[in-house]
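# Overview (structure and organization)
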Amino acid sequence: MVLAEVYDAVMDHVDYDRWARYLHTCLETHGESVTSILELGGGTGSLAVRLQPMGGYRYVMTDGAPAMVRQARQKVDAAGLPIRCDVAGFTTVSLQGLGRKDGFDAIVLVYDGLNYLRQIDEVRLCLERVRRCLRPGGVAVVDHATPANSEDHDREFFDRGTVEGTSYVRCSRYDAGTGLHRTTFDIVHAGTHYKEEHVQRPYAPAAIEDAIEQSGLHVSAAYDGFTFDPAHERSHRVHWLLERRKQ
Ligand SMILES: C[S@@+](CC[C@H](N)C(=O)[O-])C[C@H]1O[C@@H](n2cnc3c(N)ncnc32)[C@H](O)[C@@H]1O
C-alpha cells in the first residue's frame, strides 16, 4: 500500500485536533471511568497521538493495512507516546489477537473506516467484534459518511500534490447507481508509478441503526457530525455513541 507513504499529505486538510477534541468530549460525557482505548482503522496514527495525551489513556491503535501501522509506529515513536500499534481487521479483531484478557473501556472507529466495509453484513460483523472487545459498561464511538453527504457535494473531486519527492493525483467519484464512492490514486514513488483504488459505501443512518441492533450494542446517542444535535436523514456524517450494557 504505497498510499501509506503519502497518506498524511493527502489528508493535510483534515483537522485532527478537532476530531480529538470532539471524541474526548464524547468519551467524557458518555463513558464511565475511561482509562483504556482501542482504536480501529487508525491509519497513520494522527488521531491517536492527539487523543491519547488528552486523557493519559492506555491506548492501542490498530489498522488493517500493515503499511499504515508502520507509519503510525514511526509517528508514535517520534512523539514518545505510550501507544501500541498493531495490525487488526474490522471483522476479525479480537481481544485474544491483541493479547488481552480484559475488554477495553472505549473503542473508536472514525473517519470513514466503516464505509470501507461494502456490505452491511460486514458492518454488523464489525460491530459484533466491537461489542466483544468492550468490557461490560464500555462505550464506542463509531462514525460513517452518508449518501446525503455524497449527494450534496460534487460527485467528482480531483487534486494533486507532491510530498518529499512522492507525487500523487487523486480522483474521487460517486456513482448513485451502485451507491459506491471510488477514489483512485496515481502515485509516483521512488521513480515507480503505482495505482491504488479505494472503494467506499456511504450508509444511511437507518441501515447502520439496524446493524447496531443486530450486533447487541445499544445506542446512547446518534449525533449529527461534530455536534451534539441529533442525527437526521440528511446528516452528512453520523457519530454513534454505543454501549455494551452491563448484564
Ligand atoms: C479513511 S482512512 C482513516 C484513517 C484514520 N482513521 C484517519 O482518520 O486518518 C480508513 C482506514 O481504515 C483502514 N481499513 C479499511 N478497511 C479496513 C478493514 N477491513 N480492517 C481494518 N482497517 C481497515 C484503512 O487501512 C485506512 O487506514
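What counts, and where the lines are drawn
- Residues numbered from 1 in each chain as written.
- Predicted model: local features only at pLDDT ≥ 70, side-chain atom pairs only at ≥ 80, totals over all residues.
- Heavy atoms only, no water.
- Near = heavy atom within 4 Å.
- Polar contact = N/O pair within 3.5 Å; in protein donor to acceptor, adjacent residues only side chain to side chain.
- Areas by Shrake-Rupley, 256 points an atom, 1.4 Å probe, with all protein chains shown as cover.
- Nonpolar A, V, L, I, M, F, W, Y, C, P; charged D, E, K, R; others polar.
- Core = buried A, V, L, I, M, F, W, Y, C linked by side-chain atoms within 4.5 Å.
- Buried < 20%, exposed > 50% of the residue type's maximum accessible area, 1.4 Å probe, protein only.
- Domains from an automatic or database assignment.
- Contact = heavy atoms within 4.5 Å.
- Salt bridge = Lys/Arg side-chain N within 4 Å of Asp/Glu carboxyl O.
- Pairing = 2+ DSSP bridges.
- Helix = DSSP H or I, 4+ residues; strand = E, 2+ residues; numbered from the N terminus.
- Axes fitted to C-alpha atoms, helices over the stretch in contact; angles between N-to-C directions.

## Quick word on the site of the ligand
- By nearness alone, 15 residues border the ligand, and Tyr16, Gly41, Asp63, Gly64 and Phe90 come closest of all.
- Within the contact set of the ligand, an oxygen atom lies 2.6 Å away from a side-chain nitrogen or oxygen of Asp63.
- Between the ligand and Val110, the relevant distance is 3.4 Å, taken from a nitrogen atom to a main-chain nitrogen or oxygen of the residue.
- Protein contact buries 87% of the 590 Å² of open area that the ligand shows by itself.
- Within the shell around the ligand, the residues separate by chemical class into nine nonpolar, five polar and one charged.

## Structural notes on the nonpolar core
- Judged by nonpolar contacts, the single largest core of 43 residues is most densely connected at Ile37, Leu47, Leu51, Tyr59, Met61 and Ile83.
- Formed jointly, this core draws a minimum of three residues from each of two domains, domain 1 (3-146 + 203-243) and domain 2 (149-200).
- Setting aside its immediate chain neighbours within four residues, Leu47 contacts Tyr16, Trp19, Ala20, Leu23, Glu39, Tyr59, Val108 and Val110.
- Membership of the second largest hydrophobic core comes to 29 residues, among which are Leu98, Ile107, Leu114 and Leu217.

## Quick notes on the domain arrangement of the protein chain
- Domain annotation for the protein chain reports domain 1 (3-146 + 203-243) and domain 2 (149-200).
- Placing a centre on the C-alpha atoms of domain 1 and another on those of domain 2 gives a separation of 23 Å.
- Domain 1 puts 15 residues into the contact, and the matching count from domain 2 is 17 residues.
- Where domain 1 touches domain 2, the interface holds two salt bridges.
- Ionic pairing is found between Arg234 and Asp152, a salt bridge with its closest N-O pair at 3.0 Å.

## Topic: the sheet that holds strand S8 (residues 180-189)
- Sheet architecture is open: four strands sit in the order S6-S7-S8-S9, paired in antiparallel fashion. Unpaired on one side and paired on the other, strand S6 (156-163) and strand S9 (192-200) mark the two borders of the sheet. When strand polarity is set aside, the average angle formed by the axes of neighbouring strands in this sheet is 15°.
- Here nine bridges tie S8 to S9, and the two strands are oriented antiparallel to one another. Of the residues in S9, the one forming a bridge with Thr183 is His198.
- Against the sheet, helix H1 (residues 3-10) contacts S6, strand S7 (166-175), S8 and S9, and its axis sits at roughly 110° relative to S8.

## Some points on the pairing of S8
- Sheet analysis places S7 next to S8, joined by nine bridges and oriented antiparallel. Following the sheet pairing, Asp175 is matched in S8 by Leu180.

## Points about the pattern of salt bridges
- The final tally for this structure, using the stated rule, is 14 salt bridges.
- Here Asp86 and Arg84 are joined by a salt bridge, their closest N and O atoms 2.5 Å apart.
- A relative accessible area of 17% places Asp86 in the buried class.
- Here the residues in one salt-bridge network are Asp112, Asp143 and Arg237, joined through shared partners.

## Here we look at the sheet that holds strand S5 (residues 134-145)
- Read from one edge to the other, the open sheet built from seven strands follows the order S3-S2-S1-S4-S5-S11-S10, with strand pairing classed as mixed. Since the sheet does not close on itself, it has two edges, and those belong to strand S3 (83-87) and strand S10 (218-224), each with one partner. Between one strand axis and the next, the sheet turns by 15° as a mean value, whatever way the strands run.
- With five bridges connecting them, strand S2 (residues 58-63) and S3 associate as parallel partners. The residue of S3 that forms the bridge with Asp63 is Val87.
- On top of the sheet, helix H5 (residues 120-133) reaches strand S1 (36-39), strand S4 (104-109), S5 and strand S11 (237-243); it is set at about 150° to S5, its chief contact.
- Contacts from helix H7 (residues 205-215) reach S5, S10 and S11 within the one sheet, and its direction differs from that of S11 by about 15°.

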